[in-house]
Amino acid sequence: MLTVGVSILIASFLLLVVYLRLAFRIRRKSEPPYVPGHFLWGNSAQFSKHLVRFLQTSQKQLGDIFTIRLLYHYFTIIMDPHCYETFVKEKNFDFSLVTKQVMTNVFGLEVKSPHKLFSETTKRLKGVYVNTTMENFAKHVQNSFTDLTKTSAMTTSDCNANINTDGNTSVDWRRETLLTLMSRTVLTSLFYTLFGRSVDPSKNFCPNVFHDNFIIFNKYFDYLWIGLPLKLFPKAVEALTILLQQPTSHNMLQRDGVSEQVKVSINHFRQQGHSEKDIAVYMLVLFRVNYNIFRVSFWCVYKLAEDPRILKDLEKELHEAIEMKRTDGEESVAFTLAEIDELSLLVLHLIS
């Protein structure tokens, strides 16, 4: 018994030494400052308690660039949004290790020939593909908002529409939260732009149900990312089970308006011999990546509602731009991406 006890003690001590060596590193002169945290789990508690407040407080104390520690993982945070384009275009940065870690820890997925997949999907985010995607997204936003404002009755029972007028479980969207409004318009449009529509929709594979369960699963994203096992979070397991109840890859490709991202990804997974579950998991990955569009849209609308003066000036700029392009009493006009970039107030609001 003494030998077993001593062995356990030695093993525990060695594990502690290894953890401490991983968790504590000496900051070099050229590195950003570290945010002070707990000696064992670093900034994990602050990060999970209130992420936005934690980052804003750290920015005030240390500047726009600083480093945080979650358990034994170090992350450098850049708070200045104007730096985004520069960092994205920097060829010396390699995000493949982070991508692999997220895929493995959060989604339990190991992609075969990942560089080929990412190269092909990246091509579908440029050139003519961007214009097509933007047109589809704009069409879905318009349809979603039109449907939503036709009546104040909404329900999640109809997967190919935002509303249901049978009076069951209905709510007045005008009395609901901003999150509800954005979910029923922008999120719904994002879902259909990515996955297309089906004449025979699945009960669970529709915007409202998918979003509700994604929110639950996403709450545990950071815990899974740093390596905690999924089984520790029963709610995440339950939500993930529903999220993976998707059409087969064959049926997904038959959906009307399915995106090029989805098409390329499914074809790659099939060619590499991945399972249907792997494909379903990767569809969730694509949704997670595109979900940032919804987040940005939410905060833009929130900030506009918060300051009526900015909203009034922005309405004036948009009205003048529309009238300049409108000819012969057209009901609608189209803007190119270059023309949108010339709308100074709009662009300034988006990057602020």
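The structure we're discussing is the one just above.
Model, not experiment: these values are computed from the prediction.

I would appreciate a short explanation of the environment of Ile 68 in the present structure.
Tracing the sequence through the fold places Ile 68 in strand β1 (residues 65-70). Separated by 35 residues in the primary sequence, Ile 68 and Pro 33 have C-alpha atoms spaced 8.8 Å apart. In contact with Ile 68, other than residues within four places in its own chain, are Val 35, Asn 43, Phe 47, Phe 54, His 73, Tyr 74, Phe 75 and Ile 77.

Where do I start with the side chain of His 274 in this structure?
Mapped onto the elements, His 274 comes out in the loop between α13 (260-271) and α14 (276-306). At a separation of 3.0 Å, a polar atom in the side chain of His 274 contacts the side chain of Asp 278. With near-sequence residues (within four places) excluded, His 274 lies in contact with Glu 110, Val 111, Lys 112 and Phe 269.

Help me out: how do you make sense of a nonpolar patch on the surface in this one?
On the surface, a nonpolar cluster with roughly 250 Å² of combined accessible area is contributed by Tyr 223, Leu 228 and Leu 232. Within the secondary structure layout, Leu 232 lies in the loop between α10 (221-225) and α11 (234-243).

Looking at this structure, how should I read unusual backbone geometry?
With the exception of glycine, the majority of residues adopt a negative phi angle, and the majority of peptide bonds are in the trans configuration. For Ser 113, which is not glycine, the phi torsion reads 50° and is therefore positive. As for its position among the elements, Ser 113 is in the loop between α5 (96-107) and α6 (114-123).

Which parts of the structure should I look at to understand the environment of Asn 267?
Turning to its location among the elements, Asn 267 is positioned in helix α13. Residue Asn 267 is classed as partly exposed on the basis of its relative accessible area, which comes to 36%. When the C-alpha atoms of Asn 267 and Ser 249 are compared, they prove to be 8.9 Å apart, with 18 residues separating the residues in sequence.

Criteria and thresholds
- Residues numbered from 1 in each chain as written.
- Predicted model: local features only at pLDDT ≥ 70, side-chain atom pairs only at ≥ 80, totals over all residues.
- Heavy atoms only, no water.
- Helix = DSSP H or I, 4+ residues; strand = E, 2+ residues; numbered from the N terminus.
- Contact = heavy atoms within 4.5 Å.
- Polar contact = N/O pair within 3.5 Å; in protein donor to acceptor, adjacent residues only side chain to side chain.
- Patch = residues over 30% accessible without salt bridge, like charges linked within 9 Å, V, L, I, M, F, W, Y side chains within 5 Å.
- Areas by Shrake-Rupley, 256 points an atom, 1.4 Å probe, with all protein chains shown as cover.
- Salt bridge = Lys/Arg side-chain N within 4 Å of Asp/Glu carboxyl O.
- Buried < 20%, exposed > 50% of the residue type's maximum accessible area, 1.4 Å probe, protein only.

On their own, these measurements won't tell you what the molecule is for.
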